[in-house]
Amino acid sequence: MKAEVYPKNQSGGWKTDTLLHRIGVWQQFWFSSFILYSLSLLLIVCCCFLGTGSIASAAEMPEIQRRGYLTIAVKDNLRPLGFRDANGNLQGLEIDLAQRLASDLLGKANAVKLQPIANRDRLSVVFNNKVDFAIARVTATESRSRLVSFSVPYYFDGTYLVVKDTGIQQTKDLANRKIAVLNNSSTIADVRYYVPNAELVGVNSYQEARSQMETGEVQAFAADASLLSGWIQEYPQYRLLPNKLSTAPLSVAMPKGLQYDDLRLQVNEAIARYIAEGWLKQRAQYWGLP
């Protein structure tokens, strides 16, 4: 299949569609509002924690405590967030978080049943009450918040550029070069903004992007840090450029409804504590996330 190329206009910038531009501005406005809300919630919860010295004792979760374990949807094919090691055991940042929440909410790290899930089912298993919540690389967005509730973000993902050429050190070094992007992905707008003079080449998969980088057809590939980190762990000849082109909050997806208030409160308090203590940052660094 012939690669889709996203050409530049004659002025050296990118063609701008008025409606798409307005949508982009609106999305940026909502995203900024969401981040401010999340940070405000985090600050409030952290203050509560620091003031009491422990997680606030919300009302009990009778059903979860009766059965003695949490059911959590996770990824099992997404290094370094959730994947299987050589022995078939689940590992990764999100697996660590699931086990830590089980430890804090129920008293023991193994009080959890991890359910590997496909991307398309990450939200449906939550609002259909098939799991207690999902920690499966779910980006908090306004449209998704109509279906599920989101926790305080546990990791801020975002667009990075991966390269192989040691002569490319900064984003600006990619001016007038070719950059692979997944067709119809949100990374296209990010790269257009930061590297307006680059030529974007559409690909349909990560495998196709790596193949084109190996043959020199493109000099870089733009995608989310959580995915590219696994790539460079598998192929150490590649590396991430230091500039982050966008930010996307990864959050625990939980069911909506007043009956789940206790669960949501305890999860949010726990994540806020992990951030305040530096535990989440340490685990992200351990798993090679920027």
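Residues numbered from 1 in each chain as written. Predicted model: local features only at pLDDT ≥ 70, side-chain atom pairs only at ≥ 80, totals over all residues. Heavy atoms only, no water.

1. Looking at the confidence of the model for the protein chain
In low-pLDDT regions, the fine details of the predicted coordinates are not to be read closely.
At step 1: Averaged over every residue, the pLDDT of the protein chain is 84; residues scoring 70 or more account for 79%.
At step 2: In this model, residues 9-37 is a region of pLDDT below 50 whose contacts with residues beyond four sequence positions or in other chains number 25 contacts. (pLDDT = per-residue confidence, 0-100. Contact = heavy atoms within 4.5 Å.)

2. A few points about the environment of Thr139
At step 1: In this fold, Thr139 is placed in the loop between β7 (133-135) and β8 (149-150).
At step 2: For Thr139 and Ser251, which are 112 residues apart along the polypeptide, the C-alpha to C-alpha distance reads 6.3 Å.
At step 3: If we skip the residues at most four places from it in the chain, Thr139 touches Arg144, Phe150, Ala248, Pro249 and Leu250. (Helix = DSSP H or I, 4+ residues; strand = E, 2+ residues; numbered from the N terminus.)

3. Here's the deal with the nonpolar core
One recurring pattern in soluble globular proteins: nonpolar side chains tend to sit buried together.
At step 1: Counting 51 residues, the largest nonpolar core has Leu97, Phe133 and Phe221 as its most contacted members.
At step 2: At seven residues, helix α3 (residues 93-106) tops the list of elements feeding residues into this core.
At step 3: Not counting residues within four places of it along the chain, the set of residues in contact with Phe133 comprises Leu70, Thr71, Ile72, Ala73, Leu101, Val126, Val252, Ala253, Met254, Leu263 and Val267.
At step 4: In terms of nonpolar packing, the next biggest core, distinct from the first, is built from 15 residues, Ile168, Leu174, Val181 and Leu241 among them. (Core = buried A, V, L, I, M, F, W, Y, C linked by side-chain atoms within 4.5 Å. Buried < 20%, exposed > 50% of the residue type's maximum accessible area, 1.4 Å probe, protein only.)

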